[in-house]
Amino acid sequence: MDNLKITTYQGYLFWENVDKNLQNISLRLSGMRTNTDLIILPEMFNTGFTMNAEKLAEPMNGRTMQWMQATAKKYECVVTGSLIIADEDKFYNRLIWMRADGTYECYDKRHLFALGKEHQTYTAGTKKLIVEHKGWKICPAICYDLRFPVWLRNVGDTYDLLLIVANWPERRSLHWRTLIPARAVENQSYVIGVNRVGHDGNEVYHSGDSTCIDPNGNVVYYKRDEEDVYTFTINAEELEKARRAMPFLKDADSFHLDV
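Residues numbered from 1 in each chain as written. Predicted model: local features only at pLDDT ≥ 70, side-chain atom pairs only at ≥ 80, totals over all residues. Heavy atoms only, no water.

**Digging into helix H3 (residues 63-75)**
Taking 1.5 Å of rise per residue, 13 residues should cover 18 Å, and H3 covers 18 Å from first to last C-alpha, within 8% of that figure. The inward-facing, buried residues of H3 contact helix H1 (18-29), strand S2 (38-40), strand S3 (78-87), strand S4 (90-98) and strand S5 (104-108). At the exit of H3 stands glutamate 76, carrying a positive phi of roughly 50°. (Helix = DSSP H or I, 4+ residues; strand = E, 2+ residues; numbered from the N terminus. Expected span 1.5 Å × (residues − 1). Contact = heavy atoms within 4.5 Å.)

Written out as structure tokens, the structure reads:
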């Protein structure tokens with residue numbers, strides 16, 4: 001594995017305004033002063049976390065997908081984040097892993113946030129996604145998935161980096177700041193959580209708290225309350241060193257999850 005250069009976008013999301021969100025993200029990214037391997041955007045980065053799928057869902061060849069393709073090509077990197085997708089008469093909170101050559105992978109949010117009635121609008125996914133980028137095995141997930149360690153368990157050393165894209169409210173930020181380090185330590189992987197900031201259309205405040213935690217639980221990056229585009233590097237040797245020094249994964253319970 002090479003070291004991986006990652007750019008996180010912790011942004012204010014304009015409520016249900018696709019054009020304004022894509023314009024704002026493009027503007028913020030244009031200020032990057034270095035190249036990057038991966039740009040991570042929040043959950044529903046083009047609309048905010050809304051149940052208004054009838055109005056806002058896009059097809060897989062829609063304008064946001066086209067924007068992701070153009071952005072990945074422009075910066076010669078992967079761009080990832082989730083959006084509302086209409087597919088075969090169903091709505092999905094779907095994460096897109098968009099490569100610079102225009103090819104992509106998808107992950108549909110497995111755990112739908114019943115407290116916010118997400119399950120009444122969207123269809124849950126049934127498959128985890130593991131992608132490879134510059135030698136890193138990466139597992140993307142979405143917001144509420146963070147609360148379910150069995151779903152995210154690094155069984156058989158399947159990933160090196162866990163990504164969580166989110167619209168996680170400030171009133172539960174302690175849970176966010178607790179669970180992300182827990183996932184890093186228990187899975188001996190880097191974990192990156194990318195959240196939004198500001199009030200949404202329901203007047204729910206989001207404090208961001210976007211972060212990167214290394215396999216030993218140390219903070220690589222953390223930002224609260226402000227919009228932020230930040231690029232940092234995660235270190236392949238540090239990951240391998242942690243796993244060599246404390247080879248806990250080989251002692252983990254083996255199991256199969258039925259979904």
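**Considerations on the packing of aromatic side chains**
Scanning the model with the defined rule gives 9 aromatic pairs in all. For the ring pair phenylalanine 45 and tryptophan 67, a centre distance of 5.9 Å and an interplane angle of 40° mean the geometry is tilted. Here tryptophan 67 lies in helix H3 and phenylalanine 45 lies in the loop between S2 and helix H2 (53-56), a separation of 22 residues in the sequence. Exposure class is identical for phenylalanine 45 and tryptophan 67. Each is buried. Both rings, one in tyrosine 221 and one in tyrosine 230, keep their centres 4.8 Å apart while their planes meet at 10°; by these two values the pair is stacked. A residue is classified by how much of its surface remains accessible, and tyrosine 221, at 5% relative accessible area, is buried. We classify tyrosine 230 as partly exposed; its relative accessible area is 38%. What links up through ring pairs into an aromatic cluster is the set Phe113, Tyr144 and Phe148. When the ring centre of tryptophan 151 is taken as origin, the NZ or CZ atom of arginine 110, which lies over that ring, is 5.7 Å away. (Phe/Tyr/Trp six-rings, centres within 6.5 Å; stacked < 30°, edge-to-face > 60°. Buried < 20%, exposed > 50% of the residue type's maximum accessible area, 1.4 Å probe, protein only. Lys NZ or Arg CZ within 6 Å of the ring centre and 35° of its normal.)

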